[in-house]
Every structure is written in structure tokens, then in C-alpha cells.
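Residue-level structural notes
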Amino acid sequence: MHFRAVATAALIVVVSTGMSGCGDDGSGDIAPKHWAQQVCTALTPWRTEIADLTTKAQQQLQSATTAAQTKTNIVDLLAGAETSSEKARAGISGAGVPDVSGGDKVAQQFTGSLAKARDAYGNAKRSVQGLQTADAKAFYTSVGSTFAVLKEEYEQSAIDPQHVKQKDLQKAFNEVPECR
């Protein structure tokens, strides 16, 4: 049971760090407040889904009695996080480019951040899918290692709307109700 606790703890740490935030159609004419509103509108359901997936995974991992059940639960969680991250990335991409200095770069950073988060979840999902469950101890050790890699990849993707250096966008993120 110790190994399951380690896997659960690793899962909670990685997925809960998914609460920090992360588009570009070339239009460049999107007012900062409108762009911030669209970005936060795309991020809010993503954050909620990641939190819901985390809660569900915790419950399932506690009730799982075999490594195979744990594997199924973790793969489902990671698949959900991957899909949700892609939806958020597409939503931010659809927001266009904010009409500020360096707006195209900011839009690309947000879109790229969510693409990296999506890829991190996908890589972890594929890694766990490939694990054998016959030796539970080895399985849980490998899950722990997979989540260590996921955490590292995910941390490299993090971007927070509140830390955008462009002053007009900072102000917009602080003022738009969808971002609070």
C-alpha cells in the first residue's frame, strides 16, 4: 500500500500544479480587455476540469485494489487532462492577438504553454499505458518516476496571466471579472 500512497501523492502534486494558467490568429486587433476575457474564459473550465479530475483520481486511487485498476484510473485522468489542455489551448488560440506591444509574442507564450501542458499529460499517459502491472511494486515505482517527469515537464510550461509583463495586459487581467 505504501507504493500506492506514493503514486497518489505524486499525482496530487503534479495535477494540482496544473492550476496556473497558460492564441494567435494573426488579427492583432483584439483590445487587451477583450483578449484577457477570452483567455480567462478558456482557462476557467480547464482549471475546473483539472481540479475535478484530481478529486476523482484521488477517490479512485484510494478504492483501487490492484495495480491494474490504478493504471486504468491514472490513464483516464491523464487522458482527461490532455484533452482539457488541448481545448484550453484552442480557446486561447482562437482569442487572436492582443493589440499591445509584443502581443503576438504574448499570445504565442500562452498557446505554447498549454501545448506543453497537453504534451506533458500525453507523454505521462503513454508512459503509464506502457507499464506492466504484474509486479505491483515495480509498477508503483515506475508511476512515481513518470509523475516526476510529468511534474518537471509541466513546470516548464507554466504561465500565469497575473505575471504577464505587458502593462496593458496586466491591467486587463486584473480588471476583467472572468480572470478573478
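Residues numbered from 1 in each chain as written. Predicted model: local features only at pLDDT ≥ 70, side-chain atom pairs only at ≥ 80, totals over all residues. Heavy atoms only, no water.

**What to know about the packing of aromatic side chains**
In this description, an aromatic ring pair is defined by two values, namely the gap between the centres and the angle between the planes. If you walk through the whole model with that rule in mind, you get 5 aromatic pairs. Relative to F173, the ring of F110 has its centre 5.9 Å away and its plane inclined at 15 degrees; by these criteria the two rings are stacked. With F110 in helix 4 (residues 103-129) and F173 in helix 6 (residues 167-175), the pair connects residues that are 63 residues apart, well separated along the chain. F173 shares its class with F110; the two are buried. On the numbers, 5.1 Å between centres and 70 degrees between planes, the contact of F139 with Y140 is edge-to-face. On the basis of relative accessibility, which here comes to 6%, the residue Y140 falls in the buried class. Taken together through their ring pairs, the aromatic side chains of W35, F110 and F173 make up a single cluster. (Phe/Tyr/Trp six-rings, centres within 6.5 Å; stacked < 30°, edge-to-face > 60°. Helix = DSSP H or I, 4+ residues; strand = E, 2+ residues; numbered from the N terminus. Buried < 20%, exposed > 50% of the residue type's maximum accessible area, 1.4 Å probe, protein only.)

**A word on the pattern of salt bridges**
Here the structure, examined in full by the defined rule, presents 8 salt bridges. Salt-bridge contacts for R126 lead to E82; the nearest nitrogen and oxygen are separated by 3.8 Å. In this pair, R126 is assigned in helix 4 and E82 in helix 3 (residues 67-93), connecting sequence segments 44 residues apart. On the basis of relative accessible area, R126 is assigned to the partly exposed category, the value being 45%. One salt-bridge network, in which partners are shared between bridges, spans E86, R89, R118 and D119. (Salt bridge = Lys/Arg side-chain N within 4 Å of Asp/Glu carboxyl O.)

**Considerations on the side chain of S157**
Among the structural elements, S157 can be located in helix 5 (residues 136-157). Residue S157 is classed as buried on the basis of its relative accessible area, which comes to 2%. Not counting the four nearest positions on each side in its chain, S157 is found in contact with S113, K116 and A117. (Contact = heavy atoms within 4.5 Å.)

**A few points about the state of the cysteines**
Put plainly, a disulfide is one covalent bond tying together the sulfur atoms of two cysteines. The tally for this structure, following the rule as stated, stands at 1 disulfide. A sulfur-sulfur distance of 1.9 Å marks the disulfide that ties C40 to C179. Taking the sign of the S-S torsion, 105 degrees for the link of C40 and C179, the bridge is right-handed. Of this pair, C40 sits in helix 2 (residues 32-63) while C179 is found in the segment after helix 6, placing the two residues 139 residues apart along the sequence. (Disulfide = S-S within 2.5 Å.)

**Thoughts on the side chain of T54**
Among the structural elements, T54 can be located in helix 2. Side-chain polar atoms of T54 contact the backbone oxygen of I50, separated by 2.8 Å. (Polar contact = N/O pair within 3.5 Å; in protein donor to acceptor, adjacent residues only side chain to side chain.)

**Section: the packing of helix 4 against helix 5**
Where helix 4 meets helix 5, the axes come as close as 8 Å, and the angle between the chain directions of the two elements is 170 degrees. By the criterion of interaxial angle, the relationship of helix 4 to helix 5 is roughly antiparallel. Along its contact with helix 4, which presents S113, K116, A117, A120, Y121, N123, A124, S127 and V128, the element helix 5 presents T146, L150, E153, Y154, Q156 and S157. Taken together, the residues that form the contact of helix 4 with helix 5 break down as 7 nonpolar, 6 polar and 2 charged. (Axes fitted to C-alpha atoms, helices over the stretch in contact; angles between N-to-C directions. Parallel < 35°, antiparallel > 145°, perpendicular 65-115°, else oblique. Nonpolar A, V, L, I, M, F, W, Y, C, P; charged D, E, K, R; others polar.)

**Some details on the confidence of the model for the protein chain**
Taken residue by residue, the protein chain gives an average pLDDT of 82. The fraction at 70 or more is 82%. Per-element confidence in the protein chain ranges from a low mean pLDDT of 45 for helix 1 (residues 2-16) to a high of 94 for helix 3. (pLDDT = per-residue confidence, 0-100.)

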